[in-house]
Structures are given as C-alpha cells and as structure tokens.
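The residues making up each chain are set out below.
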Amino acid sequence: MVKKISIAVLLLFAAIVTLGQDSRPTQLKLRDIQGRYFRLNDYRGKVVLINFWATWCPPCRAEIGDLVKMQHDYRKRGLQVIGVTYPPQKLAEVRRFVRRARVNYPVGLGTKETKRLFTQSETLPMTIVIGTDGRIRDIIEGILLPDEFEQMIKPMLK
Amino acid sequence: MKRKSLVLGTAVFLMIAFTSIGASAITRKSTIRVDGMTCKMCTGSVEKALKATPGVEKVEVNLERKEAVVEYDDEKVTEAKLREVINATGFKAVEEKPKSE
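Residues numbered from 1 in each chain as written. Chains lettered and ligands numbered in written order. Predicted model: local features only at pLDDT ≥ 70, side-chain atom pairs only at ≥ 80, totals over all residues. Heavy atoms only, no water.

A. Summary view of the layout of surface pockets. In this structure, the largest pocket occupies an estimated 370 Å³ of space. What lines the largest pocket is a set of 17 residues, among which A:L145, A:P146, B:A49, B:V85 and B:A88 lie closest to the centre. Secondary-structure elements contributing two or more residues to the lining of the largest pocket are helix 2 (58–74) and helix 5 (146–153) of chain A together with helix 3 (79–88) of chain B. Among the residues making up the lining of the largest pocket, the classes are represented as 10 nonpolar, two polar and five charged. Counted as a void, the second largest pocket has a volume near 150 Å³. If you trace the second largest pocket, you find it lined by A:D66, A:K69, A:M70, A:D73, A:Y74, A:P146, A:F149 and A:E150. Elements with a minimum of two residues in the lining of the second largest pocket: helix 2 and helix 5 of chain A. Of the residues contributing to the lining of the second largest pocket, the split by class is four nonpolar, no polar and four charged. (1 Å grid on protein atoms, 1.4 Å probe; cavity = no way out; pocket = protein on both sides within 12 Å on 5 of 7 lines; lining within 4 Å. Points joined across faces, edges and corners; volume = space filled by probe spheres on them. Helix = DSSP H or I, 4+ residues; strand = E, 2+ residues; numbered from the N terminus. Nonpolar A, V, L, I, M, F, W, Y, C, P; charged D, E, K, R; others polar.)

This is the structure:
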C-alpha cells in the first residue's frame, strides 16, 4: 500500500515537472509585418533573441542597428533575432521603420499576452534569450549591452 | 633627535596631504540633462548603460527632471564619455554648462 502511494506521489511529481516544462513558450505564434505567421518552434536548434520594442522608444530604436549587425554576423553560428513590437502599434508605422532600418530578421506584432508569455515586466526594450532547447535562458531588461552579448549569448553559439 | 622628529612629522604631514588631494580629485558628481526622457518604460536603459561604464560609481536617473546624476572616478571616465554613453541609448545628453561638484 505504502509502495503504491509512493509511486502515485512520484508520478504526480513527474507530471507537475513535465507540465512546468511544457509551459515554456515554445507555442508562441505571431503574425509578421508581411502577414505571414511564424512560430518560435520554427527556430528550434537556434539561439533566439526575442526583442520587444516600439518605434517610439528611443533606446529600442538605438538598439536595432546592433541587433541587425548581430543577426548578420552570427547567423551562421546559430543566432536568430526576432523582433516583437509591444505595446501594439500601427502596422504601417512598423513597416516603415523596419524598411528604413533595414531590419534583417522577422518582426511580429505583439500584444500584452505575447509579452506575458515571458515576463510581467513592462521595461522596454526587453530581450528574451531562448536556448537551442527552446527554454528561456535569460531576460535582459533595457538595451542589450555589448558585454552582455559577449558574456551571456556568444558562449551559447556554435 | 629633535631633527629626526621634525623630518618624520613633515613626512607624515606630506603623506596625509597627498592622500587628501588624491581622494578629492577622484570622485566627481555631474548632473546631465537628458532630452527625450518621457517614456517611463524605457529610461532604465540610461541607468543601465551608465552603471556599466567603467569608473561610474553611482547613478540616479530622474524622469521628472529629465536628468542623470552620476558619481564617477574622473581618472577613469570623463563627463564627455558619460554624454556619449547616454547618446548611445537613443536619448540626447544636452550640451550645457555642466553642474559639477
């Protein structure tokens, strides 16, 4: 009887752990500014930087150039940047900015729910670092500094 | 004996004097006006970038007064460099006569 209870407790614990793992945001699905849908799962095996930004946010705008360069320089080493606008913005305005800044990675239109998949924080910009296994490795609040990239993200790349 | 004491006393006095001069020259406090700081969500980047700058000891960013008060080691970093750091965050460090202490 005791053995059966122990097994049940163990199974329950395993189920909770599994549920916890499944709650990771691999199910993220967003529409990009061209109207196509993409999923975070599409980039499994890569180190993904989900960058929350807004066209009216000065540090977000300042950071985009660095993200474009990172995407260009480290694509072959498995880096994938994804831009997500937050709070919701006018599509035409986002498109115009993306074109002008020559953004070379997908940009999706996010909502409060999109951001809440990762964090409750309202800081902008905000970058979520996703490992090759699809798990959140870090949440970087504010502009992504070169030292943070060198110390946190570069070691994860091929 | 008297002469020895005089030399020793002078040496101690000089050491203390040089140490005091060194200490007062090291920490500096500047108040830098920052234009464009209207978004509460995004001002954290100014503080973060300044804090990550070698030589910066303390940072206080005031959104209402649109200014950053920075304490720094002036042998390691200059106010001009602090302005560059602020500008790199997308805001504008206003060029005006610095209020330094």
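Here the narrative resumes.
B. Region of the structure containing the nonpolar core. Residues and elements named next belong to chain A. Residues I50, F52, L79 and I153 are the most contacted members of the largest nonpolar core, which totals 44 residues. When contributions to this core are tallied by element, the ones reaching two or more residues are strand 3 (47–53), helix 2, strand 4 (79–85), helix 3 (91–100), strand 6 (126–130) and helix 5. Ignoring sequence-local partners within four residues, the contact set of F52 consists of V84, Y86, T114, K115, F118, L124, P125, M126 and I128. (Core = buried A, V, L, I, M, F, W, Y, C linked by side-chain atoms within 4.5 Å. Buried < 20%, exposed > 50% of the residue type's maximum accessible area, 1.4 Å probe, protein only. Contact = heavy atoms within 4.5 Å.)

C. Layout of the pairing of strand 3 (residues 67–73) of chain B. Residues and elements named next belong to chain B. In terms of burial, strand 3 is largely enclosed, as six of its seven residues are buried. Sheet topology places strand 2 (residues 56–62) next to strand 3; six bridges connect them, and they run antiparallel. Bridging from a neighbouring strand, V59 pairs with V70 of strand 3. (Pairing = 2+ DSSP bridges.)

D. Highlighting the interface of chain A and chain B. The partner chain B presents 12 residues to the 16 residues of chain A that form the contact. Both sides of the chain A and chain B interface together cover about 1,000 Å² of buried area, and 69% of this is carbon and sulfur. Its largest share of buried area at the contact with chain B, chain A owes to A:P58, A:I143 and A:L145, together 40% of the area lost on that side. If you look at where chain A meets chain B, you find one salt bridge. Note that B:K48 is salt-bridged to A:E148, the shortest N-O span being 2.9 Å. Here chain A is connected to chain B by five residue pairs in polar contact (both at pLDDT 80 or more). (Buried area = accessible area lost by both parts, 1.4 Å probe. Salt bridge = Lys/Arg side-chain N within 4 Å of Asp/Glu carboxyl O. Polar contact = N/O pair within 3.5 Å; in protein donor to acceptor, adjacent residues only side chain to side chain.)

E. Spatial organisation of the state of the cysteines. Counted under the stated rule, the structure contains two disulfides over all chains. Covalent S-S linkage joins A:C57 and A:C60, the inter-sulfur distance amounting to 2.3 Å. Given an S-S torsion of about 75 degrees, the disulfide between A:C57 and A:C60 has right-handed geometry. With respect to class, A:C57 is no different from A:C60; both count as buried. Across the disulfide from B:C39 sits B:C42; the S-S distance is 2.2 Å. In this structure, B:C39 and B:C42 share a single accessibility class: buried. (Disulfide = S-S within 2.5 Å.)

F. Spotlight on the environment of A:R95. Assignment of secondary structure puts A:R95 in helix 3. Between the alpha carbons of A:R95 and A:Q80 there is a distance of 20 Å; along the sequence they are 15 residues apart.

Treat this as a map of the structure, not an account of what it does.
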